[in-house]
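# Summary of the model geometry
The chain contents come next:
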Amino acid sequence: MSGATSGIGKATAELLAQNNFRLILTGRRKDRLEALSNTLSNQTEVYTTSFDIRDKEAVFKAIKELPAEWKQIDVLINNAGNAHGLGPIHEGNVEDWDAMIDINVKGLLYLTKAITPSMIERESGHVVNIGSIAGKEVYPNGNVYCASKHAVDAINNGMRMDFNPYGIKVTAINPGLVETEFSLVRFKGDEQRADNVYKGFDALQAADIADTILYVVTRPAHVNISDMVVFPTAQAASTMVHKNN
Ligand code: NDP
Ligand code: 8X3
C-alpha cells in the first residue's frame, strides 16, 4: 500500500493487520513507517520501504528489491496522494500543479506498472485505487487536483478493462470529506484553515474509508466492487455540506 504514513493509508494498515493481511507499507516518512511497523508487527508480518512516489527509478527499485517472500503482491492499494493549494487557475502555483500530477497520477502509474505484471502472470490480484469525489465532480478552485483525480477515475476504468482477461479485480473508492492530514497539506501547514474544513459536521474519519477498503478486498472471488463514492452523511456533493453553524 502506498501512503501508509498517515490518514486513510495508516488506518487501512491498522485494520488490515487486525484482519491478518501481511502488509507492505510505503511512504516517504521512514520514522512513521517504522513506528507503524513496530505497532503492527505483533498482529501480522510487516515490510516497509520508503520512497518518493514521484521518483520512478526509486519506485521500480523498491519493488524489484522486495525479498522473495514479499514478491507476490495480491492486493495493491494505490492511496498516496494529496491536494496542493486551492485557488483559481490563473493564480495557480506551477510547483503545486507538478506535485499533484506527479504524485496522484504518475506515481500511481509507476507503482501499478511495477507491481501488476506479476499479477498478470499469476492471473490473480486486486488493485484498489483511491480516487475522490474530486474525480467525479469539479469544484471552484479545485481545478488541477480535480483533474488529477479525474485522471485516476479514467485510469481505474481503463485498468479494469485491460486486466479483464486476467481475472484481476480493479476498484475505485472515491471519498468525500475525510478528516486526515489532507487539508493540512493542501493549505501548507495552516492548521486553522485545515481544521475549518471539518468544522460543523461529522466528517468521515480515515477508519471509515479503511472499513470500506476492507470490505472491497474481502468479497468473494467472483465479486468486484468496481466504483464507490463514500460521503459523510452531511455531504451531498463537493460543494454541498450541511453544517451546524
Ligand atoms: P494524508 O495527507 O493524511 O495522507 C497522504 C499519504 O500520501 C501520506 O501517507 C503520504 O506519505 C503519502 N504521500 C504523499 N505524497 C507522497 C509522495 N510524494 N511519495 C510517497 N507518498 C506520498 O491524506 P489522506 O489520507 O486523506 O489521503 C490519502 C488519499 O485519499 C489521497 O490519494 C487523497 O487524494 C485521497 N482522498 C482524500 C480525501 C480527504 O478528504 N482526506 C477525500 C478523497 C480522497 P508521506 O508524506 O510520508 O510520503
Ligand atoms: C478530497 C476531497 O473535496 O477536498 O479529495 O477534494 S475534496
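Notes on the structure follow. (Residues numbered from 1 in each chain as written. Chains lettered and ligands numbered in written order. Predicted model: local features only at pLDDT ≥ 70, side-chain atom pairs only at ≥ 80, totals over all residues. Heavy atoms only, no water.)

The next thing to look at is helix α8 (residues 206-217). Here α8 is 12 residues long and its end C-alpha atoms lie 17 Å apart, about the 16 Å a rise of 1.5 Å per residue gives. The complete set of buried residues in α8 reads Ala-206, Ile-209, Ala-210, Thr-212, Ile-213, Leu-214, Val-216 and Val-217. (Helix = DSSP H or I, 4+ residues; strand = E, 2+ residues; numbered from the N terminus. Expected span 1.5 Å × (residues − 1). Buried < 20%, exposed > 50% of the residue type's maximum accessible area, 1.4 Å probe, protein only.)

Within the open sheet, the four strands sit side by side as β3-β4-β5-β8. Their pairing is parallel. Two strands lie at the open edges of the sheet, namely β3 (75-78) and β8 (227-230), each paired on one side alone. The mean inter-strand angle of the sheet, taken between neighbouring strand axes irrespective of direction, is 15°. Here five bridges tie strand β4 (residues 126-130) to strand β5 (residues 169-175), and the two strands are oriented parallel to one another. Among the inter-strand pairings, Val-128 is bridged to a residue of β5, identified as Thr-171. Packing against the sheet, helix α5 (residues 143-163) makes contact with β4, β5 and β8, and its axis sits at approximately 165° to β4. Most of the contacts of α8 go to β5, to which it runs at about 160°, and overall it touches β3, β4, β5 and β8. (Pairing = 2+ DSSP bridges. Axes fitted to C-alpha atoms, helices over the stretch in contact; angles between N-to-C directions. Contact = heavy atoms within 4.5 Å.)

Taken together, Ser-132, Ala-134, Tyr-139, Tyr-145, Gly-176, Phe-182 and Arg-186 make up all the residues around ligand 2. Taking Ser-132, its side chain carries an N or O atom lying 2.5 Å from an oxygen atom of ligand 2. A distance of 2.6 Å separates an oxygen atom of ligand 2 from a polar side-chain atom of Tyr-145. Calculation on ligand 2 without its partners gives an accessible area of 240 Å², and the protein chains cover 88% of this total. Class assignment of the residues belonging to the shell around ligand 2 gives a composition of four nonpolar, two polar and one charged. (Near = heavy atom within 4 Å. Polar contact = N/O pair within 3.5 Å; in protein donor to acceptor, adjacent residues only side chain to side chain. Areas by Shrake-Rupley, 256 points an atom, 1.4 Å probe, with all protein chains shown as cover. Nonpolar A, V, L, I, M, F, W, Y, C, P; charged D, E, K, R; others polar.)

In this section: the nonpolar core. Judged by nonpolar contacts, the single largest core of 29 residues is most densely connected at Leu-25, Leu-40, Ile-173, Ile-209 and Ile-213. Taken together, the elements giving at least two residues each to this core come down to α1 (7-18), β1 (23-27), α2 (30-40), β4 and α8. Here this core takes seven residues from α8, the largest share from any one element. Residue contacts for Leu-40: discarding those within four places in its chain leaves Ala-13, Glu-14, Ala-17, Leu-23, Leu-25 and Val-46. (Core = buried A, V, L, I, M, F, W, Y, C linked by side-chain atoms within 4.5 Å.)

Once that is clear, we can look at the pattern of salt bridges. Taken as a whole and judged by the stated rule, the model has 11 salt bridges. In this structure, Glu-181 engages Arg-29 in a salt bridge whose closest nitrogen and oxygen atoms are separated by 3.4 Å. Highlighted residues: Glu-181 in the loop between β6 (178-179) and α6 (182-186) and Arg-29 in the loop between β1 and α2, separated in sequence by 152 residues. Residue Arg-29 is classed as partly exposed on the basis of its relative accessible area of 33%. As a salt-bridge pair, Asp-102 and Lys-106 come within 3.4 Å of each other at their nearest N and O atoms. With a gap of four residues between them, Asp-102 and Lys-106 both fall in helix α4 (residues 94-122), about one helical turn apart. One network of salt bridges, in which partners are shared, links Arg-29, Arg-32 and Glu-181. (Salt bridge = Lys/Arg side-chain N within 4 Å of Asp/Glu carboxyl O.)

What follows concerns the side chain of Thr-44. Along the chain, the position of Thr-44 falls in the loop between α2 and β2 (46-50). Residue classification places Thr-44 among the buried positions, given a relative accessible area of 11%. Polar side-chain contacts of Thr-44 include one of 2.7 Å to the backbone oxygen of Phe-21. Setting aside chain neighbours within four positions, we find Thr-44 in contact with Ala-17, Asn-20, Phe-21, Arg-22 and Leu-23.

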